[in-house]
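Overview (structure and organization)
Okay, here's what each chain looks like letter by letter:
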Amino acid sequence: MKKRLKATTIEENFRTFLASKRSSGVREKTTLSYQQAYQAINKHYPIGDMDMTAFQADSFNALIDALLSAKLSRNSIYTCAVALASFFNRCKAEGLSRYTFEPYKGEETGKTPYTDAELKQLLRKPNLKQCDFSKYWSRVIINLLLN
């Protein structure tokens, strides 16, 4: 027989989650990032008043759809999902939820290779009258990192 879960809201449990993180010595920046992720989620898909047991896979999918339609970047959505997963994993460990998160993976962007013309431009010998080696090196590194 399954144990009946206590009916509490996500907001109440999230406040408890943050307090337990602070008291366990987690850095303030980490708890702040949890709080910011929760606020971003709650802004686009209000979950604060939702009962803990009501949040299931369909709720998570609707949440991701709401964040995507709000034009949040894939990295921001991933960050929010990781924070929410951490919260729900703690709730599951304490017997407040049975929901297990599947990790959210955004689209992976592939890096396009340089064309021959771009490589020749990057690798050509610098004009030492116009710049020194460190400026040229910086330009090459910046171009490599930006592409």
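Residues numbered from 1 in each chain as written. Predicted model: local features only at pLDDT ≥ 70, side-chain atom pairs only at ≥ 80, totals over all residues. Heavy atoms only, no water.

Some words on helix H3 (residues 57–69)
- Compared with the 18 Å implied by 1.5 Å per residue over 13 residues, the 18 Å span of H3 between its first and last C-alpha is a close match.
- Among all positions in H3, only Ser59, Phe60, Leu63, Ile64, Ala66 and Leu67 are buried. The arc that holds the buried residues of H3, viewed along the axis, is 160°, so those residues lie on one side. With respect to the buried face of H3, the exposed residues turned more than 90 degrees away are Asp58, Asp65 and Ser69.
- Buried residues belonging to H3 abut helix H2 (28–44) and helix H4 (74–93).
- At the exit of H3 stands Lys71, carrying a positive phi of roughly 65°. (Helix = DSSP H or I, 4+ residues; strand = E, 2+ residues; numbered from the N terminus. Expected span 1.5 Å × (residues − 1). Buried < 20%, exposed > 50% of the residue type's maximum accessible area, 1.4 Å probe, protein only. Arc of directions from axis to C-beta. Contact = heavy atoms within 4.5 Å.)

Observations concerning the nonpolar core
- In this structure, Ile10, Phe55, Phe60, Leu84, Phe87 and Phe88 are the most contacted members of the largest nonpolar core, which totals 29 residues.
- Considering each element in turn, this core owes the most residues, 9 residues, to H4.
- For Phe55, the residues in contact, after removing those within four places along its chain, are Ile10, Ile47, Met50, Phe60, Leu63, Leu84, Phe88, Tyr99 and Phe101. (Core = buried A, V, L, I, M, F, W, Y, C linked by side-chain atoms within 4.5 Å.)

Overview of a nonpolar patch on the surface
- Together, Phe133, Trp137, Ile141, Leu144 and Leu145 line one region of the surface with nonpolar side chains, adding up to about 550 Å² of accessible area.
- Relative to the helices and strands, Trp137 is located in helix H6 (residues 133–146). (Patch = residues over 30% accessible without salt bridge, like charges linked within 9 Å, V, L, I, M, F, W, Y side chains within 5 Å. Areas by Shrake-Rupley, 256 points an atom, 1.4 Å probe, with all protein chains shown as cover. Salt bridge = Lys/Arg side-chain N within 4 Å of Asp/Glu carboxyl O.)

Concerning the packing of H3 against H4
- Across the interface, H3 lies against H4 with an axial gap of 10 Å and an inter-helix angle of 150°. The angle between H3 and H4 places the two elements in the roughly antiparallel class. Crossing hand, H3 versus H4: right-handed. On H4, the residues that touch Phe60, Leu63, Ile64, Leu67 and Leu68 of H3 are Arg74, Ile77, Cys80, Ala81 and Leu84. (Axes fitted to C-alpha atoms, helices over the stretch in contact; angles between N-to-C directions. Parallel < 35°, antiparallel > 145°, perpendicular 65-115°, else oblique. Left-handed = near helix turned anticlockwise from the far one by under 90°.)

Regarding the environment of Val26
- Turning to its location among the elements, Val26 is positioned in the loop between helix H1 (10–23) and H2.
- Residue classification places Val26 among the partly exposed residues on the basis of a relative accessible area of 27%.
- Ignoring any residue separated from it by four or fewer positions in sequence, one finds Val26 in contact with Lys21 and Thr31.

Quick look at the packing of aromatic side chains
- Summed over the entire model, instances satisfying the criterion amount to 7 aromatic pairs.
- When the ring of Phe14 is compared with that of Phe17, the centres are 5.6 Å apart and the planes differ by 45°; the resulting orientation is tilted. Here the residue Phe14 and the residue Phe17 both occupy positions in helix H1, the gap between them amounting to 3 residues, near one helical turn.
- Since its relative accessible area comes to 5%, Phe14 is described here as buried.
- Seen from their ring centres, Phe87 and Phe88 are 5.1 Å apart, and the 70° between their planes marks the pair as edge-to-face.
- With relative accessibility at 0%, the residue Phe87 sits in the buried group.
- Among the aromatic residues, those joined into a ring-pair cluster are Phe14, Phe17, Tyr34, Tyr38, Phe55, Phe87 and Phe88. (Phe/Tyr/Trp six-rings, centres within 6.5 Å; stacked < 30°, edge-to-face > 60°.)

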